[in-house]
Amino acid sequence: MENENTMKREALNSDSSHEQHHQQEKETKKKKLVLLIVNCILLSVGQVGGPMMLRLYYLHGGQRKWLSSWLQTSAFPILLIPLMVSWFKSKSKFHSQSQSTNVDHVNPGFLLTRKLFIWSVIVGIITGLDSFLFAVGYSYLPVSVASLLLATQLAFTAVFALILVKQKFTPYSINSVVLLTLGAVILAFHTSSDKPIGVSKSQYFLGFFMTLGGAALLGFMLPLIEFVYANACKVITYDLVMQMQFLVSLFATVFSTIGMLINKDFQAISREANEYGLGETKYYMVLVFTSILIQLSIVGYLGVIFYATSLFTGILVTLLIPVQQVFAIIFFHEKFSAEKGMSLALSIWGFASYFYGEYRQTKKKKNRDKVPISHKEIPSEV
């Protein structure tokens, strides 16, 4: 009788433990999904709004390339707000653990290892160079053409993701890459009539190739960040991602600051503000909003890579390109052609294909990994 009761208790405890573990996994996945959506929104707002503000700077008399490069990362001090909140939480937890156990714990406030610090510096310098390439591109190209060239980052991302992080491709993800790239190629047929007034042929091609180089560098950087996460030799948390983001933007800003000092851009700001087409006040507003919006996109980049993959990040960025087209038509009165409409349709189709493929994969994995709650046969009492 005693053995039978023991077996019953063990079976019930096993069922309860399994249900509790399943519930915890469900809550964790829900939290990750919410944070992924938040980072997708940050990336979307910054990716659409940042280039628009950057182009607005050039349209009304802005000419400083290193200044516009500097603007793309210089708003990193706003990251101190979430970092300080995280630090105070870590400090409170550290003190409570020390008092309850009477054992010295390592203060978890600063999470970066030496290896991650070095990688953050490297990625920061690459980001600074990428910012300069896009700054030159947007100075000579309309938003529609620049965003078209940015779409090519998806092909670069796919190749580098395959090399660096051994990204597994499904028929749906391949279909998505093909459709999104095809949408960008279709837009290419309409670029000839979009050359801005006052831009020479040589300047147009300089902007073309600098933007293309920026897209290639971005396509390399996204899988590189995922590679760093995978080889960090420690658990990657979002607090750690934010600390990395702070350092990446800091060193990218240092890179651009050196360029500004050499080019004497700091001395030219006040003069440029006085001569700006929209007025001095709006000049500084454009600079501030450009900086904040692009910083939001960088935060979104690292967050989406952390909660998804670099390939998904590249696909999301490419999806946003037709959205940029629409805003360029509304605010900059750029022409909307049949090619742009077709590109928009293909981009939405490609994005839907990727999501459907992910849904299928998740469903298969769930069915494969699903372990039914064990109902052991319990002998009936005599």
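Residues numbered from 1 in each chain as written. Predicted model: local features only at pLDDT ≥ 70, side-chain atom pairs only at ≥ 80, totals over all residues. Heavy atoms only, no water.

Enquirer: How would you summarise unusual backbone geometry if you had to cite specific residues and measurements?
Expert: We note that lysine 264 has phi near 60 degrees; this positive angle belongs to a residue other than glycine. Its location among the elements puts lysine 264 in the loop between helix H9 (238-263) and helix H10 (265-275). (Helix = DSSP H or I, 4+ residues; strand = E, 2+ residues; numbered from the N terminus.)

Enquirer: Before we move on, can you summarise the nonpolar core with the specific residues and values?
Expert: Among the nonpolar cores identified, the biggest contains 78 residues, and Leu67, Tyr229 and Tyr283 are the most heavily contacted of them. By residue number, the principal contributor to this core is helix H11 (residues 280-307), which donates eleven residues. Beyond its immediate sequence surroundings of up to four residues, tyrosine 283 is in contact with Tyr57, Leu67, Ile269, Glu272, Ala273 and Tyr276. In terms of nonpolar packing, the next biggest core, distinct from the first, is built from six residues, Phe76, Leu79, Leu83 and Met242 among them. (Core = buried A, V, L, I, M, F, W, Y, C linked by side-chain atoms within 4.5 Å. Buried < 20%, exposed > 50% of the residue type's maximum accessible area, 1.4 Å probe, protein only. Contact = heavy atoms within 4.5 Å.)

Enquirer: Pulling in residues and values, what's your account of helix H6 (residues 153-164)?
Expert: Taking 1.5 Å of rise per residue, the twelve residues of H6 would be expected to cover 16 Å, and the 16 Å separating its terminal C-alpha atoms lies within 8% of that figure. Every buried residue belonging to H6 is among Gln153, Leu154, Thr157, Ala158 and Ala161, and all of these are buried. Seen along its axis, H6 keeps its buried residues to an arc of 140 degrees; they face one direction. Note on H6: the residue one or two positions beyond its end, lysine 166, has a positive phi of about 50 degrees. (Expected span 1.5 Å × (residues − 1). Arc of directions from axis to C-beta.)

Enquirer: Any details on the packing of aromatic side chains? Residues and values, ideally.
Expert: Here the structure, examined in full by the defined rule, presents 16 aromatic pairs. Plain terms: the ring middles of tyrosine 276 and tyrosine 283 are 5.1 Å apart, the flat faces sit at 65 degrees to each other, and that makes the pair edge-to-face. There is no split in this pair, since tyrosine 276 and tyrosine 283 are both buried. Pairing tyrosine 283 with tyrosine 284 gives two aromatic rings, centres 5.3 Å apart and planes at 80 degrees, and the pair type is edge-to-face. Taking relative accessible area as the criterion, tyrosine 284 reaches 35% and is therefore assigned partly exposed. A connected cluster of aromatic rings, assembled from ring pairs, spans Tyr57, Tyr58, Tyr276, Tyr283 and Tyr284. (Phe/Tyr/Trp six-rings, centres within 6.5 Å; stacked < 30°, edge-to-face > 60°.)

Enquirer: Provide a residue-level description of the side chain of aspartate 265, including the pertinent values.
Expert: In this fold, aspartate 265 is placed in helix H10. With a relative accessible area of 0%, aspartate 265 lands in the buried category. The contact partners of aspartate 265, leaving out residues within four places of it in the chain, are Arg64, Lys65, Trp66, Leu67 and Met260.

Enquirer: If you had to explain the pattern of salt bridges to someone new, which residues and values would you point to?
Expert: Taken as a whole and judged by the stated rule, the model has one salt bridge. In this structure, arginine 64 and aspartate 265 form a salt bridge, with 2.8 Å as the shortest nitrogen-oxygen distance. With arginine 64 in the loop between helix H1 (2-59) and helix H2 (65-71) and aspartate 265 in helix H10, the pair connects residues that are 201 residues apart, well separated along the chain. (Salt bridge = Lys/Arg side-chain N within 4 Å of Asp/Glu carboxyl O.)

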